[in-house]
Amino acid sequence: MSDLTLNTKPARRLTRKSVANNLFSWALVLPAILFLAVFTFYPLVNLIQLSLYRGNITNPYKTFRGIENYIDILVKRPQFMTTLKNTALYVVMYVPICLSLSLIFSVWLQKARKMNNFAQTCFFAPHLVATISSAFMWSWIFSPESSGIANGLIRLFGFNTHNWLGSSATAMVCVMIMNTWASIGHHALIFLSALKSIPGEVYEAAELDSSSSIKTFFKITLPMLSPQIFLMLITMTTNSFKIFESVRQMTGGGPGISTKTVCMFIYDNAFETNNTLGLAGAASIVLTIILMLITLLDFKGLEKKVHYQ
Amino acid sequence: MAEIRFEKVCKFFDKARIIEDLDLTIQDGKFTVLVGASGCGKTTLLRMIAGIGPATSGHIYMDGRDITDTAPAKRDIAMVFQNYAIYPTMTVRENIEFGLKNKKVPKAEREALIKEYAAVVGLTDYLDRKPGTLSGGQRQRIALARAMVKKPAVFLMDEPLSNLDAKLRVQMRSELIELHNKLKTTFVYVTHDQVEAMSMADVIVLMDKGRIMQEASPEVIYNDPNNVFTAQFIGTPPMNIIDMPDGNKLGFRPERIALSYAPVQGDFTRKGTVLTREMLGSETLYKIDCSGNTYMAKIDDPNFAMGENVYVHVANEHLYFFDAEGQRIREKGNETLFAQLLKTAGGMSNV
């Protein structure tokens with residue numbers, strides 16, 4: 001018996017110590033957990049709840065509808081699916097074009113030339129302009145009247161003027177051009193800093209190894225930029241799925257609903273039409289799930305190809 | 001195998017003149033070491049041979065062929081960089097293979113070469129690993145294998161051992177000497193470490209501020225320096241140099257000093273006090289104060305103590321004389337002046 005007491009005493013003391021340790025650890029992470037709970041988990045739960053009711057801003061929970069809202073947007077009313085298709089089309093155009101152009105510009109800016117500091121500033125400046133202002137400016141550039149720069153230019157070459165933002169064939173492309181213009185400097189800057197961290201000796205070694213400049217780019221530069229490319233791919237995809245301001249300002253979703261995006265659908269149903277807050281909630285949940293899936297697929301499919309130092 | 005010749009080569013960075021009107025011939029099949037302090041232009045010279053840092057003016061010849069403007073890939077050279085410059089995203093195999101693939105060497109031949117040289121540098125078990133998972137010494141071996149596999153006519157190495165720890169450095173040093181003996185190609189090796197230079201070189205090219213101070217074998221550079229710079233750069237501790245009353249300089253190596261409690265007559269002998277004593281193992285280093293001048297002495301006897309009065313003696317045959325500009329005055333051709341200098345040195349003795 002005495003042996004047993006001798007054996008358990010230090011063990012109990014250890015347990016007490018580890019409990020104190022545990023409490024201290026929890027105290028340290030508590031602020032972060034509280035922050036997440038209040039500003040992330042609670043709104044998410046709230047959103048899920050919202051998506052199950054019919055209501056408006058002043059009275060969100062008028063009648064319980066269950067999954068009716070989801071059936072509405074996914075099956076009964078085709079508008080949501082159209083906006084999802086529009087948004088996906090935009091993402092598919094914007095991400096590869098913006099990513100590759102940023103990469104090309106960063107490689108170009110990398111060379112130590114006097115004009116490159118100036119060029120870098122020029123590319124980055126649009127990122128500092130509010131999206132709404134940029135969108136307003138580009139609306140004017142693509143104005144259907146001959147006063148618009150785009151139309152002025154093509155008239156100079158003898159073509160007929162075109163209603164850029166008023167045609168379903170070109171409206172989304174115009175929005176994409178605007179957003180590429182606005183963000184390319186920012187992305188190029190991130191690539192540029194990564195490019196500058198690649199030691200020059202590696203390139204010299206490649207030169208001595210008879211590597212052509214194209215081969216050096218694809219075999220050495222690109223793999224070494226893979227962490228930045230991967231990060232950019234994920235943030236660009238998720239951000240462009242959430243595109244709102246620029247489309248709303250430039251096309252208002254038109255012509256018809258040919259450029260209406262998911263976020264515009266959510267906004268309209270939440271604030272513009274009555275008793276459709278639940279639809280907006282359901283659409284938000286669907287969008288969140290889609291973005292989660294895409295990010296997950298990105299990680300599953302590409303992370304192994306990313307080279308971390 | 002190849003001989004490299006520099007002819008009136010200059011290199012300016014913006015307005016800074018790094019190398020001016022340099023002539024140098026690097027002999028075929030020799031292990032040549034370019035040595036000097038940081039910024040003396042040794043790496044600049046090496047990069048000119050590689051073609052990755054072209055000369056501002058002048059010509060570089062390889063076996064008589066002007067390669068001044070030849071692309072690096074067409075020079076039949078291989079280089080090992082200070083930071084190895086291996087491709088971090090490729091495996092060891094891909095690193096070694098990259099240059100061969102670019103030269104369109106057939107696959108079977110590539111495989112055989114990789115196998116052969118991976119074995120030479122002891123990386124056979126690591127061929128499918130990424131460099132990030134290997135140690136500094138192993139990464140250095142990748143760089144060596146990558147250079148060797150190309151079977152170049154000239155091997156360039158830019159301080160390849162400076163990032164290794166002391167023990168590994170000594171080991172790699174002897175491996176490089178062995179490698180040179182085996183390959184018999186021209187090696188050009190850059191270092192700031194005189195021990196590395198002395199231990200590895202067939203020919204040392206000692207540089208200072210873009211100029212060649214002396215080009216000779218390690219034995220000649222140590223025993224017969226052309227100037228004060230060479231005399232003080234080579235040897236640890238450096239040669240003792242003191243001003244003579246006639247404006248010339250007198251030099252003698254710390255290893256050539258004999259210390260004693262009783263005065264030795266003749267030649268150069270001065271009375272002094274032991275300031276510090278450093279026991280190095282087989283030898284002991286003493287700093288000795290001789291009425292204002294301090295000399296370093298490196299001798300076998302560890303029994304002199306700090307504060308003791310001793311006599312410093314150097315035999316005439318171990319005395320070197322330099323003029324006011326630091327250039328060596330040799331006996332041959334200057335017999336009368338040399339006899340005069342010996343007499344002056346003897347007169348400086350205070351016994």
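Rules behind the numbers
Residues numbered from 1 in each chain as written. Chains lettered and ligands numbered in written order. Predicted model: local features only at pLDDT ≥ 70, side-chain atom pairs only at ≥ 80, totals over all residues. Heavy atoms only, no water. Domains from an automatic or database assignment. Pairing = 2+ DSSP bridges. Helix = DSSP H or I, 4+ residues; strand = E, 2+ residues; numbered from the N terminus. Contact = heavy atoms within 4.5 Å. Axes fitted to C-alpha atoms, helices over the stretch in contact; angles between N-to-C directions.

1. Side note on the domain arrangement of chain A
Looking at chain A, the domain boundaries give domain 1 (2–50) and domain 2 (77–305). If you average the C-alpha positions of domain 1 of chain A and of domain 2 of chain A, the two centres end up 43 Å apart.

2. Examining the sheet that holds strand β11 (residues 240–243) of chain B
Residues and elements named next belong to chain B. With antiparallel pairing, four strands are arranged side by side in an open sheet as β11-β12-β18-β19. Since the sheet does not close on itself, it has two edges, and those belong to β11 and β19 (328–329), each with one partner. Relative to strand β18 (residues 320–322), strand β12 (residues 249–252) runs antiparallel, the two sharing three bridges. Within the sheet, the bridge partner assigned to Lys 249 lies in β18 and is Phe 322. Strands in contact with helix α9 (residues 335–347) are β12, β18 and β19; relative to β18, the strand with the most contacts, it is inclined by about 110°.

3. Side note on the pairing of strand β4 (residues 57–62) of chain B
All names here are of chain B. With five bridges joining them, strand β1 (residues 4–13) and β4 adopt antiparallel strand pairing. If you follow Arg 5 over to β4, its bridge partner there is Tyr 61. Judged from the two bridges that link them, β4 and strand β5 (residues 65–66) form a sheet pairing that is antiparallel. When the bridges of β5 are listed, Met 62 appears paired with Arg 65. Between β4 and β5, which pair antiparallel and follow one another directly, the connecting turn spans two residues, one of which, Asp 63, has a positive phi of 50°.

4. Description of unusual backbone geometry
Excluding glycine, most residues fall at negative phi; most peptide bonds, likewise, are trans. Residue and element names in this part refer to chain B. With an omega of -10°, the peptide bond running from Thr 236 to Pro 237 counts as cis. Inspection of the secondary structure assignment puts Pro 237 in the loop between α8 (228–233) and β11. Even without being a glycine, Lys 151 presents a positive backbone phi close to 45°. Turning to its location among the elements, Lys 151 is positioned in the loop between α4 (136–148) and β7 (154–158).

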